[in-house]
Amino acid sequence: MLKLNNVNFKFDKSGACFFNNLSASFNRGKINFIQGANGSGKSTLFRILQGKLSSNEFLKGDFCLDEKYDNISHRIAMVQQKFDVMLADKFSFSENLKFANISRYPSLKFLPNHKDVEEFLKQFSIDKNKTVNLLSGGQRQILAILMVLQKMPKVLLLDEPTSALDVENSKMVMDFINDLVKTTNIIVIMICHDKELVESYCNSEYYHLGHDLISDGRFIEVKKI
Amino acid sequence: MKKIISIGLSVNLLLLSLGLYFYNPKSEDLSKEISSDVAKKDPKRIAIVTPTTHPSLEQIEKGFVDQMKLSNKYDYRFVTYNANGNRSLLKSQIEEAVQKKFDLIFTLASGPSLMAKEIVAKKNKNIPIVFAAVNKPKKINLVGDNVTGSEEIVDYKKQLSLLLFLKPDVKKVLLVYTPTSQGLQEDKDEIENILKTKGIELKTVEIYQANETYSKTISAFSGSDVIMVLKDNTVVSALDGLVNICNKNGITLLASDLDSVERGASVCFGVKEYDYGVYASRCAKLILEENKKPSDVPVVGVDEFKLIINKNSCEKQGVSIKDDLSFLIGSGSFI
Amino acid sequence: MLNSLLIVIEQTCIHLPLVIGAYFSFSLLKAPDLSIEAAYTFGAITSALALQSLSPDFCVLGIAIALIFSILGGCFVGFLSGTFTRKIGIPHLLSSIVTIGLFHGINQYVLGGAIFSLSNLINPIELNLGSETPFLIFSALVLFSLSFLFLKTQLGNMLAVHGNNPSFFANYNISMSFVFIFGICIANALAGISGYLDAQTSGFVEIGMGIGKALSCVTAIILGRVLTMTSRPMNTFIPVVGTFAYFVIQHALINVGFNLKYFTMVQAAIVLIALAFYYRNRGNNIFEKIDNLGV
């Protein structure tokens, strides 16, 4: 379980608080959806979890993963909204997976092996040896998620994975994430605006990130569907 | 389909090179037109290798070719290889010339001469090499059993004392030269030493490309009485700019080669480029006609120095000519 | 005929490291790395001076010294050029031009003159056989196999990924500076080796050796692309075939018999035809990203 306790965040050290005593907890075994109006701070929250702050910004609060880890930023992996930036177009599916396993300073050894996910590929009819720019959007989205998973993170953040996809590809990606949540031990937090999609998955927790007019900060609350 | 096209292209390239090896139009044409009337002279083939296109190099080549054509013994045919300023092209052309077994290779300036010496030493030691207009060949190791030719000699003592004779009140000299050109760095040191003994200050401007000559000189010339130019192809190409500066400001332009005088330099002391070719042709004739070995033919330094003065420019550039001057100068001429 | 082929093969072997290096930086890294000109000259200068001062007695030792010093010299140029790009933030085209300018002076200082002759030193690459060709062919084969293997390693693939998608690295916590600077260093080290081979076979080192080499490398790579027509992202055959084709064309043009003043012009016309042929149908295919560098 990932817990946030009394998180205070300011964009500018001298300015107003953006997140004011924000608290939340995210569980395993279910997809955690975050929904909120544009500008309510969803991507900022993801950025804070990853630890990517610029020098002006101010952060204070408790982050706790599984009651033991405090330094969580390298156990968190994120797939951006523009997932094409995370792929190497001219290479094949399996080569991309191998690239994701490379450490900070690539060495002169041959490419490392990737963790095989044959059953997923058959299910989504992806050809391992085709170059990535010939795959469809949903298949590329799945590739981005798989690449990020190669380093075995404990938390997976997904920023609107289905917003650029059509109905069929969206279903494919959601099925994949669903399988992932059921079979592995990863906490999945997903931003999604599509209400119908959220409602169609029962094993999910639905959070709303809203603006508190009284304290002028943000709050997260669990909403039951 | 693509693979077939690419294979086809590569095969075509190889066939092209094969075909062109056997097709050699130059020598065939010449043999057709000459064989009818000049049957008594045997042909001898000479390869001329020039590093780039430049008027002074063309003059040297002309001197060589004109003198060789006057020969009664052989009928000389020339093939010119112009390297377009490209080193790998120069190498290809010299390899080509060596492979075609020319009777002599005539090289201009130090680059082609060194390369030709190296390649001939490796591939075919029988081809003699005659060079022309190389500055200090011993220093760059252009010596060998089958290398000889005409050397550039400089006599700065004489040149500078003649300058002082014409213009005794010189206090500061600006030297415009290319340090990356072979031998000029040492020339600058020599000139500096000579001028120091005479109590004249020397300032230098270093040029690496012809088009920066004007802009660099115009910032540096103030206070100078004389601008001096050496045997330097790069700066001499841009001589017109220097002539402009000198004419406007009354500064004397002293050049070290005789072709600059028509372009506006007021005092020129040097050797005609044509003469380098003439002297080299004498070496070539000794090798080819009298069957001397190149090691027996000493490297000849061309020292027929001439002093030429451009009267019009002298007026603009601050050199006063007295009428009785021509009697006092040993070998000189007026324009 | 055999002589002609031998001449072309020798020229190819001398320039092969340079074109492989240019392939790594222009085609794979997509960085317009003009500093290979400076590395070419500087590698030749360092190895020539090392041979002169160390004066090895054995040929194999001489080869080792020459190669080590030319690699170090080229690497130094590449390291400077890459550091200016990654650490200061200058675009690589500008930082490589600046490096050429810096090394214009450094080369003059180190060489101490305009021309340096190598003919009074032992020629290590002759290996007492009397001809340089066996060593040249051997070195070309070794270099080809080494670059083939290199492109299968992690670093080789990362070079190609840099050209394909530079924003790839931030997402997987791979150091982009490391990949880029390493790639530029390797490219310039290969240029240094080529500079030494050129100086050794011509017999002298000249300050202006490197001028125009970037253009001839680009020409060779373009010819290689046209002739191999491969769709894979990395292919070691492109520089090899390209260099060979470049020198075949050069050799053939010398033999045709037109006035060689116009050689550069005719060569450029041939490259134009090759380029037109290669780029004719590129715009139609939507999966081919338009490549700004085009090499």
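Residues numbered from 1 in each chain as written. Chains lettered and ligands numbered in written order. Predicted model: local features only at pLDDT ≥ 70, side-chain atom pairs only at ≥ 80, totals over all residues. Heavy atoms only, no water.

### A few points about the overall build of chain B
Here's step 1: Assigned secondary structure in chain B consists of 13 helices and 13 strands.
Here's step 2: A fraction of 74% describes how many contacts in chain B between residues 6 or more apart in sequence connect residues 24 or more apart.
Here's step 3: Accessible area for chain B stands at about 15000 Å²; split by element, carbon and sulfur atoms hold 52% of it. (Helix = DSSP H or I, 4+ residues; strand = E, 2+ residues; numbered from the N terminus. Contact = heavy atoms within 4.5 Å. Areas by Shrake-Rupley, 256 points an atom, 1.4 Å probe, with all protein chains shown as cover.)

### Focus on the confidence of the model for chain C
Residue and element names in this part refer to chain C.
Here's step 1: On average, residues of chain C carry a pLDDT of 89, and 97% of them reach 70 or more.
Here's step 2: The least confident element of chain C is strand β1 (residues 115–117), whose mean pLDDT is 79; the most confident is helix α8 (residues 176–202), at 95.
Here's step 3: Scored as a complex, the prediction yields pTM 0.83 and ipTM 0.85. (pLDDT = per-residue confidence, 0-100.)

### Let's talk about the packing of aromatic side chains
Here's step 1: This structure, assessed with the given rule, holds 24 aromatic pairs over all chains.
Here's step 2: An angle of 5° between the planes, with centres 3.8 Å apart, marks the rings of phenylalanine 64 of chain B and phenylalanine 106 of chain B as stacked. Of the two residues, phenylalanine 64 of chain B sits in helix α3 (residues 55–69) while phenylalanine 106 of chain B sits in strand β3 (residues 104–108), which places them 42 residues apart along the sequence. Side by side, phenylalanine 64 of chain B and phenylalanine 106 of chain B carry an identical accessibility label, which is buried.
Here's step 3: An angle of 40° between the planes, with centres 6.2 Å apart, marks the rings of phenylalanine 42 of chain C and phenylalanine 76 of chain C as tilted. Of the two residues, phenylalanine 42 of chain C sits in helix α2 (residues 36–54) while phenylalanine 76 of chain C sits in helix α3 (residues 59–88), which places them 34 residues apart along the sequence. (Phe/Tyr/Trp six-rings, centres within 6.5 Å; stacked < 30°, edge-to-face > 60°. Buried < 20%, exposed > 50% of the residue type's maximum accessible area, 1.4 Å probe, protein only.)

### Observations concerning the interface of chain C and chain B
Interfaces are often described in size by the accessible area the parts lose on coming together.
Here's step 1: Contact with chain C, which involves 50 residues of that partner, is made by 45 residues of chain B.
Here's step 2: Summing both sides of the interface, chain C and chain B together bury roughly 4200 Å²; the carbon and sulfur share of this comes to 59%.
Here's step 3: At the junction of chain C with chain B, the criterion picks out 5 salt bridges.
Here's step 4: A salt bridge links lysine 123 of chain B to glutamate 10 of chain C; the shortest N-O distance between them is 3.5 Å.
Here's step 5: The set of elements that each furnish at least two residues to the side of chain C that touches chain B consists of α1 (2–28), α4 (92–111), β1, α8, β2 (204–206), α9 (213–228), α10 (237–256) and α11 (263–279) of chain C. (Buried area = accessible area lost by both parts, 1.4 Å probe. Salt bridge = Lys/Arg side-chain N within 4 Å of Asp/Glu carboxyl O.)

### Looking at the packing of α2 of chain C against α8 of chain C
All names here are of chain C.
Here's step 1: The geometry of α2 relative to α8 is characterised by a closest axis approach of 7 Å and an angle of 55° between their N-to-C directions. The angle between α2 and α8 falls in the class oblique. As for how α2 packs across α8, the hand of that crossing is right-handed. Contact residues: Ile36, Ala39, Tyr40, Gly43, Ala44, Ser47 and Leu51 in α2; Ala187, Asn188, Ala191, Gly192, Ser194, Gly195, Tyr196, Asp198, Ala199 and Gln200 in α8. (Axes fitted to C-alpha atoms, helices over the stretch in contact; angles between N-to-C directions. Parallel < 35°, antiparallel > 145°, perpendicular 65-115°, else oblique. Left-handed = near helix turned anticlockwise from the far one by under 90°.)

### A word on the side chain of aspartate 257 of chain B
All names here are of chain B.
Here's step 1: Looking at the element boundaries, aspartate 257 is found in strand β9 (residues 252–257).
Here's step 2: Of the buried charged residues, aspartate 257 lacks a salt bridge, with lysine 231 as the closest side chain of opposite charge at 5.5 Å.
Here's step 3: Side-chain polar atoms of aspartate 257 contact the side chain of serine 260, separated by 2.8 Å.
Here's step 4: If sequence neighbours within four positions are ignored, aspartate 257 has contacts with Lys231, Val236, Cys268, Phe269 and Glu273. (Lys, Arg positive; Asp, Glu negative; His and termini not counted. Polar contact = N/O pair within 3.5 Å; in protein donor to acceptor, adjacent residues only side chain to side chain.)

### Notes on the sheet that holds strand β1 (residues 42–50) of chain B
All names here are of chain B.
Here's step 1: A sheet is described by the order of its strands in space; here 6 strands give the open sequence β2-β1-β3-β4-β5-β11, paired in parallel fashion. At either end of the open sheet lies a strand with only one pairing partner, and these are β2 (74–82) and β11 (300–302). Taken over all neighbouring pairs, the strand axes of this sheet differ in orientation by 20° on average, direction set aside.
Here's step 2: Relative to β11, strand β5 (residues 147–152) is paired through 3 bridges, and the arrangement is parallel. For glutamate 152, the partnering residue across the bridge sits in β11 and is valine 302.
Here's step 3: Most of the contacts of helix α4 (residues 87–99) go to β2, to which it runs at about 155°, and overall it touches β1, β2 and β3. (Pairing = 2+ DSSP bridges.)

### Quick word on the environment of glutamate 61 of chain B
Residue and element names in this part refer to chain B.
Here's step 1: Here glutamate 61 lies in helix α3.
Here's step 2: Owing to a relative accessible area of 17%, glutamate 61 belongs among the buried residues under this scheme.
Here's step 3: C-alpha separation for the pair glutamate 61 and leucine 195, spaced 134 residues apart in sequence, amounts to 35 Å.
Here's step 4: Setting aside anything within four residues of it in sequence, one finds glutamate 61 in contact with Ile48, Thr80 and Leu108.

### Quick look at the pattern of salt bridges
Here's step 1: This model, assessed by the stated rule, comprises 19 salt bridges over all chains.
Here's step 2: A salt bridge links arginine 263 of chain B to aspartate 240 of chain B, with the shortest nitrogen-to-oxygen separation between them at 3.5 Å. With arginine 263 of chain B in the loop between β9 and β10 (267–271) and aspartate 240 of chain B in helix α10 (residues 239–249), this residue pair connects regions lying 23 residues apart in the sequence.
Here's step 3: A relative accessible area of 31% means that arginine 263 of chain B is categorised as partly exposed.
Here's step 4: Taking the relative accessible area as the measure of exposure, aspartate 240 of chain B reaches 45% and is therefore partly exposed.
Here's step 5: Salt bridges linked by common partners bring Arg87 and Lys91 of chain B together with Asp198 and Glu206 of chain C together as one network.

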